[in-house]
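Descriptive analysis of the structure
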Amino acid sequence: MLYRENGQFKTSYAADQQIFAIAQDRWAILAIIVFALVGVPLLVDEYLFRAILIPFLILSLAALGVNILVGYCGQITLGAGAFMAVGAYAAYNFHIRIDGLPLLVSFLLGGCTAAAVGIVFGIPSLRVRGLYLAVATLAAQFFTDWVFLRVPWFTNNASSGSVSVANLQILSWRIETPVDKYLLCLTILVVFALLAKNMTRCAIGRQWMAIRDMDVAAEVIGIRPLFAKLSAFAVSSFFVGTAGALWGFVHLASWEPAAFSVDRSFQLLFMVIIGGLGSIMGSFFGAAFIVILPIALNQFLPAIGSVFGVSISTAGVSHAELIIFGALIIFFLIKEPHGIARMWSTGKEKLRLWPFPH
Amino acid sequence: MKLQQLIRMASAALALFSSLTAPPVLAQAKEQFFPVLVYRTGAYATNGQQWANGYLDYLKLINAKGGINGVRISFEECETAYATDRGVECYERLKGKGGGATVFQPLSTGITFALTEKVPVDRIPLITAGYGRSESQNGAVFTWNFPLLGTYWVGADVAIQHIAKKEGGIAKLKGKKIALVYHDSPYGKEPIPILQELGKTHGFDVQLLPVAHPGVEQKATWLQIRQQKPDYVLLWGWGVMNSTALREAQSTGYPRDRMIGIWWAGAEPDVKDVAEGAKGYSALTLQHGAEPGSKVVKEILDLVYAKGQGTGPKDEVGQVLYMRGLISAMLGVEGVRKAQERYGKGKVMTGEQVRWGLENLNLDQKALDAMGFAGVMRPVQTSCLDHMGSSWVRVHTWNGSKWEFSSDWYQADEKVIRPMVMLASGKYADEKKIKPRTPEECRK
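None of these values were measured; they are calculated from a predicted model. (Residues numbered from 1 in each chain as written. Chains lettered and ligands numbered in written order. Predicted model: local features only at pLDDT ≥ 70, side-chain atom pairs only at ≥ 80, totals over all residues. Heavy atoms only, no water.)

1. Some thoughts on the overall build of chain B
What counts here: Helix and strand definitions here come from DSSP, where helices need a minimum of 4 consecutive H or I residues and strands a minimum of 2 consecutive E residues; each element is numbered from the N-terminal end. As a reference, a globule follows 2.2 Å times the number of residues to the power 0.38, and the radius of gyration itself is taken over C-alpha atoms. Think of it in three bands: with a 1.4 Å probe and only protein chains considered, a residue is buried below 20% of the maximum accessible area for its type, exposed above 50%, and partly exposed in between. By the convention used here, residues are in contact when the closest approach between their heavy atoms is within 4.5 Å. Only the protein chains shown count as cover for residues, and the accessible areas themselves come from Shrake-Rupley with a 1.4 Å probe. For the purpose of counting charges, residues Lys and Arg are taken to be positive, whereas Asp and Glu are taken to be negative. His and the chain ends are not included. The atoms used to mark charge sites are NZ of Lys, CZ of Arg, CG of Asp and CD of Glu.
Of regular secondary structure, chain B possesses 17 helices and 14 strands. Here the C-alpha atoms of chain B give a radius of gyration of 23 Å, agreeing with the 22 Å that 2.2 N^0.38 yields for 444 residues. Dimensions of chain B, computed from the C-alpha atoms along their principal axes, are close to 80 × 65 × 50 Å. Each of the 444 residues in chain B was classed as buried or not, and the buried ones make up 59%. Taking as baseline every contact in chain B between residues at least 6 positions apart, the subset at least 24 positions apart corresponds to 70%. Roughly 16,900 Å² of accessible area belongs to chain B as shown, and the carbon and sulfur atoms make up 55% of that amount. When the 54 basic and 45 acidic side-chain charges of chain B are each reduced to a single mean position, those positions are 2 Å apart.

This is the structure:
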C-alpha cells in the first residue's frame, strides 16, 4: 500500500540510473544512515558498541570485499583472513615507521598493500577455477600466518609477536570512546559501500559478472579475463585489507596472527554465502547473522533456560550455541539458497502487492 | 489475513525479549562482582575447566564463610573458548555488571594482550597469575596489570637455574644445547628473549621449535629433536599440546627426565593419559603443586562440596590447575580485602580501589596459614612498582601416578630480569606515550 512506485516517473537518464530507484527505498536508506549516525550514539550503551556494533561494521566491510570477489566475480577465496592480516600489519608498520602519517592514510595504505598481495595470490585464478582456486588461495592464509609469526620485522621485533596501537587520532579528533570508534567505522563503511555499489553497476562490475557467469563467453565478447579477475582480486583485497586494519586498530587494539586465522576466512565466506552472493545488501545481512547471532544466543539461552527453571552450564550454553547456529545455517541454505538478501527482495516484492496479492 | 496472528506473535516475542534484557534486580548494593572468564569448550577445555572450577569454588567458599568482611561475592561466567575476540566480548559484557567488575583474570595470554589496552580506560585491574606480559611486572608503566606470583621470564630463568643445578654448576652450561618447544602464540614466545639473553651470558645454544595451535601435530618437531639431540627440552605448551609432546618424546625415545615444562605444562591432564610414559618428566610450579591435603581444600570440601554446591567433580579438587584457579581467586579476594582496610571495611570496592589493594598486598606467612594456604605457597608482597610480588618457584616431577616435589625453592635472578623488564616496559611506554609513575605518585 505504502511501498509502491506508482506515480514516480523518471524523466532523465540520471533519475533512471540511480541506486535506489524507488523513492521509499531512498528515504528509508537515508533515514537508516541518519539514524545510525545520530540516533544510535544517543541510544546505545557501551557494550553494544564495543561487542556488537563495531565488529559488525568492520566485518560487514570485509564481507563486502569478499562478496566482490566471490559474489560478483565468481572466484572462490579462502584467503580473506590473510588479506585482513596483511591490511592490519601493513597499516601497523606504516603507522609506527612513518612518523606523523595520518591514520586514515595508514589504513588506506594498508588496504593498498593488501590489494597488491591480493593480485599476487590472484594470479593462479587465471589458470584454475572453483574449488581448486579455493585451495590455491588457502596458500595465502598459511603464507601470511607464517610471515607474521616468523619475520620479526613485521611486528617491530615485539618479543611475543603481538603488536598493539594506541592514541588514534585523525586531525584533532581523538578516537577514544566507543562512540568515536563506531562513527569512524561507520563513515568508512558508508563510503566504501557506496563505492562498491557503484563499482558493481559500472563497466568493471559488469565485466566481473560476465566472467562469473561464463568466462569463455565473456572472453569472446572482448572482456580481458586477466584484467577482470585481477582487478576483482585487487578491489576485494583492498576492502578486506582496510577492514583488517580497522579490526586491528579500532576493535582489538592489540593483536596477533591468530586474530586473522583460517577461521576468519571461513567466517567471511559463510557471511557472503548466507547473506547472498552478488549482493551488497547481502554482505550486511551475512555479517549481522554471523556476528550477532552467536553472541545473542550465548546471552539469551541462560535467560530462556531460567524462564523454564533450567540452569544451563557455561559449557552447555556454548555447545547449544554451536548447535543452534549450525542448524540455522542449514535452515537458511535449504529455505533460500540465494541467501538472506534474496529473502529480502522477495519480501519487498510481496510488500508491493500487499494487501491485494494476485 | 494472518496479520492479527503476526502481531500477536510479534508482541509476545517482544515481551519475552524485554523480560530477558531487563536488568535482573538492581538492588545488589552489598555484593562484590567477580567476572569469571573461562573456557569449558574448545581445544583447551580440559585444562581451562579445572582452573575455572577452582576459581569459582574459592569464591563460593568465601561466601560460605560470610563474604569479604561481610560483603558477599556475586559472579558470572563467560565462555571465551580461548579466542581473543570472544574474550574481548566477554570483557565488554561483564565489565559493567553488578555495579562494576572487580578484577579480570582471562587465563589467556592473547586475551591479556588485548585487555591490557582496555583496562586503563575502564579502570579495572587485570590479574594474570603466572601468565601474561612479562614486562607488566613494572607497575610504573603497567598500572593495571598484575602478573602476580611469576611471569614467563621468571619461569625461563628458573628453568635454566634448575638445569644448571642438575649439571652441577652454571659454568657447565657452556656448549649445551637447550631446545624450546613452544606454543606458537604470544604465550609460547614470551620466554624467547630471556632464554636468548641467558644463552649469550652462559654460552649455551637455544633452539626454537614452534608448534602450531592446538598442538596435536608435532611429528616434525620431534624429528628435529631426534636429529639435533638437544641436552634439554623446555616445554612451553598448553592443553593437548603437552600430552602430545610427551607421547612424541616417548616414541622418539627422548629421555623424559631431560624435559622441563613451564607451570602450564605440569598438571594432571597433561600427563594422565601418558601415565608411565611421562615418568620422570618435571615441570616448574607456580609455587604450588597438587595440594589435596591442604587446609583450604579441606574447607572447600566441607563447606562447599558437602552442601552439593561444588562446581566440578569432587575428585579433581586439589589438583594442580584447580589449585591455580583457587589461588588466582584468592589473590583477587585478598586485593579486595586489602582495599577495604583503607577505603572502609564491609563496603563494596571499585576497580580502582581494588587496584590499590593489589598494589599493597602483603600476605605474610601468618596470613597464609590463617587462610589455609600453609605449605601451598610462600608470602607475597607487592608494591606500586613491583606488580609481581614473588618470584619463587619449585619443580615437581611426575612419578607415573602423581606429581611430587623434586627440588628446593628457586628464586629468579633479579639481576637478569629487572633490566629486561625495564627495557621492555620502557619501550611500551614510549610507543603508547605513557608517563611512568614516580614513587611520589605511588604514595597517593
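Still to come is the rest of the account.
2. Some thoughts on the interface of chain A and chain B
It is common to report an interface's size as the accessible area lost on association of the parts. This is how the line gets drawn: By convention, the term buried area covers the 1.4 Å-probe accessible surface removed from two parts as they join, with the contributions of both added. Salt bridges are counted wherever a side-chain nitrogen of Lys or Arg sits within 4 Å of a carboxyl oxygen of Asp or Glu. For this analysis, a polar contact is any N or O atom pair within 3.5 Å, provided that within protein one partner can donate a hydrogen and the other can accept it, and provided that sequence-adjacent residues contribute only side-chain to side-chain pairs.
Taken together, the contact pairs 37 residues of chain A with 37 residues of chain B. Buried surface at the junction of chain A and chain B, summed over both partners, amounts to about 3,100 Å²; 54% is from carbon and sulfur atoms. In this structure, the connection of chain A to chain B is made through five salt bridges. Note that B:Asp85 is salt-bridged to A:Arg264, the shortest N-O span being 3.2 Å. Linking chain A with chain B are 14 residue pairs in polar contact (both at pLDDT 80 or more).

3. Re the packing of aromatic side chains
Going by this rule: Stacked, edge-to-face and tilted are the three classes for Phe, Tyr and Trp ring pairs, Trp counted by its six-membered ring, which pair at centre distances within 6.5 Å; planes under 30 degrees apart are stacked, over 60 edge-to-face, the rest tilted. We count a charge as sitting over a ring when the NZ of a lysine or the CZ of an arginine lies within 6 Å of the ring centre and within 35 degrees of the ring normal.
Counting across every chain of the model gives 32 aromatic pairs over all chains. With centroids separated by 6.0 Å and ring planes inclined at 85 degrees, the aromatic side chains of B:Tyr343 and B:Trp356 adopt a geometry described as edge-to-face. Here B:Trp356 lies in helix 14 (residues 351-359) and B:Tyr343 lies in helix 13 (residues 320-343), a separation of 13 residues in the sequence. Stacked on the ring of A:Trp153, the Lys or Arg A:Arg97 has its end atom at 4.0 Å from the ring centre.

4. Quick notes on helix 16 (residues 414-432) of chain B
Residue and element names in this part refer to chain B. Put simply, the rule is: Expected span of a helix: the number of residues minus one, times 1.5 Å.
For helix 16, spanning 19 residues, the distance from its first C-alpha to its last is 26 Å, which sits close to the expected 27 Å at 1.5 Å a residue. What helix 16 keeps buried is the set Val-416, Ile-417, Met-420, Val-421, Ser-425, Tyr-428, Ala-429 and Lys-432. You can read the cap of helix 16 off the contacts: a side-chain oxygen lies 3.0 Å from the backbone nitrogen of Lys-415, and it is on Asp-413. Taken from the residues just after helix 16, Lys-433 is the one with a positive phi, measuring 55 degrees.

5. Focus on the environment of B:Lys402
In this fold, B:Lys402 is placed in the loop between strand 12 (392-398) and strand 13 (403-405). Residues B:Lys402 and B:Asp364 lie 38 residues apart in sequence; the distance between their C-alpha atoms is 29 Å.

6. Focus: the state of the cysteines
Covalently bonding the sulfur atom of one cysteine to the sulfur atom of another cysteine gives a disulfide. Which entries qualify depends on this criterion: Note on disulfides: each one is a pair of cysteine sulfur atoms within 2.5 Å.
Applying the stated criterion to the full structure yields one disulfide over all chains. There is a disulfide in this structure between B:Cys78 and B:Cys90, and the S-S distance comes to 2.0 Å. Here the disulfide of B:Cys78 and B:Cys90 is left-handed, its torsion about the S-S bond being about -70 degrees. One end of the pair, B:Cys78, is in strand 2 (residues 72-79); the other, B:Cys90, is in helix 3 (residues 84-94), with 12 residues separating them in the sequence. An identical accessibility class is assigned to B:Cys78 and B:Cys90; each is buried. The structure places no disulfide on A:Cys112, whose sulfur is separated from the nearest cysteine sulfur, that of A:Cys202, by 18 Å. According to the relative accessible area criterion, A:Cys112 is partly exposed, its value standing at 43%. A:Cys73 provides the cysteine sulfur closest to A:Cys202, a residue in no disulfide bond, and the two sulfurs are 13 Å apart.

7. Topic: helix 2 (residues 45-64) of chain B
Residue and element names in this part refer to chain B. Taking 1.5 Å of rise per residue, the 20 residues of helix 2 would be expected to cover 28 Å, and the 28 Å separating its terminal C-alpha atoms lies within 8% of that figure. For helix 2, the tally of buried residues reaches 16 of 20 residues, placing the bulk of the element in the interior. Within two residues after helix 2, Gly-66 carries a phi angle of roughly 100 degrees, on the positive side.

8. Points about the pattern of salt bridges
Under the defined criterion, the tally for this structure stands at 28 salt bridges over all chains. Across the salt bridge formed by A:Glu46 and B:Lys95, the nearest N and O atoms sit 2.5 Å from each other. Of this pair, A:Glu46 sits in helix 3 (residues 46-72) while B:Lys95 sits in the loop between helix 3 and helix 4 (109-116), placing the two residues on different chains. We classify A:Glu46 as partly exposed; its relative accessible area is 30%. The salt bridge involving B:Glu167 is made with B:Lys176; its shortest N-O contact spans 3.5 Å. Of the two residues examined, B:Glu167 and B:Lys176, each falls in the buried class.

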